[in-house]
2 protein chains.
Amino acid sequence: MQNFEFYNPTRIIFGENTIPKLADHIPAEARVLILFGGASAERNGTLPTVRKALEGRFTREFGGIEANPTFETLMKAVELIREEKLDFLLAVGGGSVIDGTKFVAAAVDFEGDPWSILTTHGANVKAAMPLGTVLTLPATGSEMNSFSVITRQSTREKLAFGSPHVFPRFSVLDPTRTYSLPVRQVANGVVDSFVHIMEQYLTYPADGLAQDRFAEGLLLSLIEIGPKALKEPENYSLRANFMWIATLALNGIIGVGMPQDWSTHSIGHELTARYDIDHARTLAIVLPSMLRVRQEAKRGKLLQYAARVWNLHEGTEDERIEAAIVRTEEFFESMDIPTRLSAYNIGEDAIEPLIGQLEAHGMTALGEHADITPDVSSRVLQMSL
Amino acid sequence: MQNFEFYNPTRIIFGENTIPKLADHIPAEARVLILFGGASAERNGTLPTVRKALEGRFTREFGGIEANPTFETLMKAVELIREEKLDFLLAVGGGSVIDGTKFVAAAVDFEGDPWSILTTHGANVKAAMPLGTVLTLPATGSEMNSFSVITRQSTREKLAFGSPHVFPRFSVLDPTRTYSLPVRQVANGVVDSFVHIMEQYLTYPADGLAQDRFAEGLLLSLIEIGPKALKEPENYSLRANFMWIATLALNGIIGVGMPQDWSTHSIGHELTARYDIDHARTLAIVLPSMLRVRQEAKRGKLLQYAARVWNLHEGTEDERIEAAIVRTEEFFESMDIPTRLSAYNIGEDAIEPLIGQLEAHGMTALGEHADITPDVSSRVLQMSL
């Protein structure tokens with residue numbers, strides 16, 4: 001186990017009918033900006049419930065944050081905050097709205113070009129506005145971590161930043177708020193969570209017994225409930241477990257002291273930036289090929305994954321590894337998430353420009369050994385055709 | 001899954017040679033009280049390393065906090081703090097020192113009788129001094145939670161309190177600081193952690209998939225490393241895993257939204273209060289009998305425990321349950337922790353007074369169903385003779 005620091009001060013308020021509790025966690029005199037995405041937050045009743053909880057408070061609203069939140073849109077929220085002297089942010093939505101709100105929180109009082117928050121990956125963030133969240137789409141874990149991914153429309157760049165200043169003060173997780181989600185988004189959320197766990201787990205044996213067991217426990221649970229959660233949208237138990245698992249997948253607890261990969265995410269981000277493929281769907285395309293290409297470096301953990309997660313104990317090592325990767329693909333496909341670029345009509349000619357983007361963003365030494373060069377990434381994409 | 005709130009703002013600083021980092025987390029101008037237990041903190045080098053880390057800072061020291069920290073001793077620390085106008089507490093030791101420090105933190109500015117902090121279980125705590133910890137004995141999880149158990153010597157009462165105000169600001173966990181621990185204390189720590197997990201896990205099925213998997217993962221890990229960690233005191237990997245598992249066992253993450261038992265602890269506390277048996281050793285006496293007596297109420301979870309933790313799949317339900325309880329006893333005994341009162345020369349005549357103590361402390365409706373009456377507790381103790 002490597003030395004580590006773990007710090008996560010976000011308060012989770014979990015369960016049915018918990019939105020009214022948010023009033024207890026926003027100062028009474030706060031001037032609140034409620035940020036959200038599209039019309040669904042209104043339609044499904046979440047936004048009205050939030051407004052009711054904050055009745056009598058000073059609030060403003062800012063809607064229209066995109067699925068991949070853009071710098072351009074978010075800077076308009078920054079302007080509104082400055083104009084209206086707002087001092088508390090409440091994100092109502094999924095990972096995109098929360099990620100966007102984190103950027104806004106860091107940008108409002110930032111001195112200099114706010115885009116540099118992304119190019120320095122958050123290293124230059126010295127303070128941020130307080131923020132809370134009401135989660136409606138389990139997937140990214142953003143409700144309980146300090147990370148955010150932002151897209152710059154003008155340049156088609158998608159970059160991440162992290163800062164302890166942007167941990168949400170609180171996040172309200174009411175599983176019933178997910179009942180009205182489109183099936184596609186729930187499937188995306190399951191796959192996104194699954195791959196978040198894999199990026200922290202499937203590297204090389206590093207002697208974190210609890211971390212491995214936690215990761216495997218979350219993977220087993222997602223496999224158990226993922227497909228069911230799609231079919232039974234109003235099954236509280238399935239949605240509650242999915243929601244909490246998605247949070248645990250990326251709140252830091254399973255990854256402390258362990259090597260991490262994240263190369264699948266880096267390559268996936270370029271697919272989204274270029275082709276607007278849903279984030280989770282890019283991960284389902286890249287992960288299986290990444291595991292095959294990196295089979296030797298990941299051998300110990302792939303065997304552990306095969307045994308503990310997929311209960312595969314027969315055959316040679318190579319057979320068990322391949323079977324585990326096939327099961328992974330089948331799991332994604334069982335939720336109607338394709339695992340090949342061809343499903344999006346993307347062919348071989350796309351690879352060179354994608355690798356060019358990776359290089360332009362400095363993503364030339366990815367993975368737990370920092371040895372996934374553009375050449376290796378290119379082989380991964382080839383295998384995903 | 002029940003509705004829940006989860007909040008744990010303690011920063012963990014984990015790994016070899018991390019004690020010097022504590023200087024970064026105590027304000028430079030703080031007037032620090034370093035609290036510790038016996039001479040071992042000096043002898044094993046931990047206290048000198050802490051002093052070195054705080055060189056040039058204003059510090060005072062308070063030693064002599066007992067294995068079951070007493071109200072009487074701790075109130076002397078409170079006096080010292082008031083006299084010297086100290087404003088930051090640093091606990092250096094195991095759960096007892098940390099528990100004691102939490103009480104001191106809450107008592108210093110407390111208006112009224114500080115013992116009422118215990119009799120109200122912390123409900124009347126409105127503030128506390130900031131505190132940090134340097135952990136030397138993995139066991140209680142106190143380094144990352146808001147709970148504390150204090151004994152009043154004059155009345156032989158042992159009571160617990162909890163308050164969000166007494167979360168440590170940070171805890172330094174350096175596994176090498178455990179190398180010099182007596183074998184007995186390490187064994188105690190393993191069993192203490194094991195039973196902490198069981199109190200949160202072995203109740204009735206309550207549909208927390210991640211919580212169950214996390215608990216099982218920690219139990220499996222303790223079974224894997226516990227006995228080895230006793231035999232190889234300077235094996236970093238074993239001690240690091242043990243240390244982190246013991247923290248995870250009681251930092252709240254495995255128990256959120258789930259029913260909890262804690263009856264074994266309540267009965268065990270009375271054994272310690274009356275006979276000075278080490279806390280963990282009382283748990284090893286009570287838990288197996290508790291599981292046998294509560295077999296019907298706990299059936300679903302006992303079967304899950306048998307299957308997932310002990311890999312028991314053969315035989316009738318009753319056979320698997322009994323086999324799992326026997327394995328649990330064997331695990332404790334494999335670390336030289338007895339599982340019977342007779343090992344301490346305690347006979348049947350002890351039971352009535354112990355039950356009397358339980359009643360005096362209001363412990364008359366214990367367990368996840370609040371139906372463990374003094375009669376049931378008496379049967380548990382009978383079975384533990």
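None of these values were measured; they are calculated from a predicted model. Per-chain numbering applies: the sequence of each chain, read as written, is numbered from 1 onward. For this description, chains carry letters from A and ligands carry numbers from 1, given in the order in which they are written. Whole-chain, interface and lining totals are the exception, using all residues; otherwise, since this is a predicted model, local features are given only for residues with pLDDT of at least 70 and side-chain atom pairs are given and counted only at 80 or more. With hydrogens and water excluded, all non-hydrogen atoms of the structure serve as input to the side-chain values.

*Asks:* Break down the side chain of Lys102(B) for me, citing the residues and quoting the values.
*Replies:* Residues and elements named next belong to chain B. Under the DSSP-based scheme used, a helix requires at least four consecutive residues in state H or I and a strand at least two consecutive residues in state E, with every element numbered from the N terminus. Following the sequence through the fold, Lys102 ends up in helix H4 (residues 95-107). Buried, partly exposed and exposed residues are distinguished by accessible area as a fraction of the type maximum, computed with a 1.4 Å probe on protein chains only: under 20%, between the cut-offs, and over 50%, respectively. Charge counting follows a simple rule: Lys and Arg are positive, Asp and Glu are negative, and His as well as the terminal groups are ignored. Counted as salt bridges are all cases of a side-chain nitrogen of Lys or Arg within 4 Å of a carboxyl oxygen of Asp or Glu. No salt bridge is formed by the buried Lys102. Its closest oppositely charged neighbour is Asp99, at 4.6 Å. Pairs of residues are marked as contacts when any of their non-hydrogen atoms sit within 4.5 Å. In this view, Lys102 contacts Leu131, Ser142, Asn145, Ser146, Phe147, Ser148, Phe161, Val166 and Pro168; residues no more than four positions away in its chain are not counted.

*Asks:* If you had to explain the environment of Val326(A) to someone new, which residues and values would you point to?
*Replies:* Residues and elements named next belong to chain A. Within the secondary structure layout, Val326 lies in helix H12 (residues 317-334). Taking relative accessible area as the criterion, Val326 reaches 28% and is therefore assigned partly exposed. With 277 residues separating them along the chain, Val326 and Thr49 place their C-alpha atoms 43 Å apart.

*Asks:* Please set out the pairing of strand E8 (residues 157-162) of chain A residue by residue, giving values where relevant.
*Replies:* Residue and element names in this part refer to chain A. A pair of strands is labelled paired if DSSP reports no fewer than 2 bridges between them. Here strand E7 (residues 147-152) pairs with E8 via six bridges, running antiparallel. Residue pairing in the sheet places Phe147 in a bridge with Gly162 of E8. In sequence, E7 turns back onto E8 through a hairpin of four residues, with Arg156 there showing a positive phi of about 55 degrees.

*Asks:* Go over unusual backbone geometry, please, and point to the residues and values.
*Replies:* One non-glycine residue, Lys85(A), lies in the positive phi region at around 50 degrees. Looking at the element boundaries, Lys85(A) is found in the loop between helix H3 (71-84) and strand E5 (88-93).

*Asks:* Which residues make up the domain arrangement of chain A, and what values do they have?
*Replies:* Residues and elements named next belong to chain A. Domain start and stop positions are those given by an automatic or database domain assignment. Segmentation of chain A into domains returns domain 1 (11-177) and domain 2 (183-383). One C-alpha centre belongs to domain 1, the other to domain 2, and the line joining them spans 26 Å. Each partner contributes residues to the interface: domain 1 has 22 residues there, and domain 2 has 22 residues. Using a 1.4 Å probe, buried area is obtained as the accessible area two parts lose upon being combined, added over both of them. Taken together, both faces of the contact between domain 1 and domain 2 bury some 2000 Å²; the carbon and sulfur share is 65%.

*Asks:* Describe the sheet that holds strand E2 (residues 11-14) of chain B, and please don't skip the residues or the numbers.
*Replies:* Pairing is mixed across the open sheet formed by seven strands, whose spatial order is E1(A)-E2(B)-E9(B)-E6(B)-E5(B)-E3(B)-E4(B). Edge positions in the sheet fall to strand E1 (4-6) of chain A together with strand E4 (58-62) of chain B, since each of these pairs with one other strand and no more. Between one strand axis and the next, the sheet turns through 15 degrees on average, direction left out of account. Bridge count between strand E6 (residues 131-135) of chain B and strand E9 (residues 170-173) of chain B: four bridges; the pairing is parallel. Counted as the bridge partner of Thr133(B) is Ser171(B) from E9(B). Helix axes are fitted to C-alpha atoms over the stretch in contact, other axes to C-alpha atoms as well, and angles between N-to-C directions run from 0 to 180 degrees. Contacts between helix H2 (residues 46-53) of chain B and the sheet are confined to strand E3 (31-36), E4, strand E5 (88-93) and E6 of chain B, with E5(B) contributing the most and set at about 150 degrees to the helix. The sheet strands contacting helix H8 (residues 236-248) of chain B are E1 of chain A together with E2, E6 and E9 of chain B, and the helix crosses E2(B) at an angle near 170 degrees.

*Asks:* Tell me about the sheet that holds E5(A), residues and numbers included.
*Replies:* Judged by pairing direction, the sheet is mixed, and its seven strands sit side by side in the order E4(A)-E3(A)-E5(A)-E6(A)-E9(A)-E2(A)-E1(B) without closing on themselves. In this open sheet, the two edge strands, each paired with only one partner strand, are strand E4 (58-62) of chain A together with strand E1 (4-6) of chain B. Shown here is a sheet whose adjacent strand axes are inclined to one another by a mean of 15 degrees, direction ignored. Pairing analysis gives five bridges linking E5(A) to strand E6 (residues 131-135) of chain A, with the strands arranged parallel. Counted as the bridge partner of Ala91(A) is Thr133(A) from E6(A). Lying on the sheet, helix H4 (residues 95-107) of chain A is in contact with strand E3 (31-36), E5 and E6 of chain A; it crosses E5(A) at an angle near 165 degrees. Along the sheet face, helix H8 (residues 236-248) of chain A touches strand E2 (11-14), E6 and strand E9 (170-173) of chain A together with E1 of chain B and points at about 170 degrees away from the line of E2(A).

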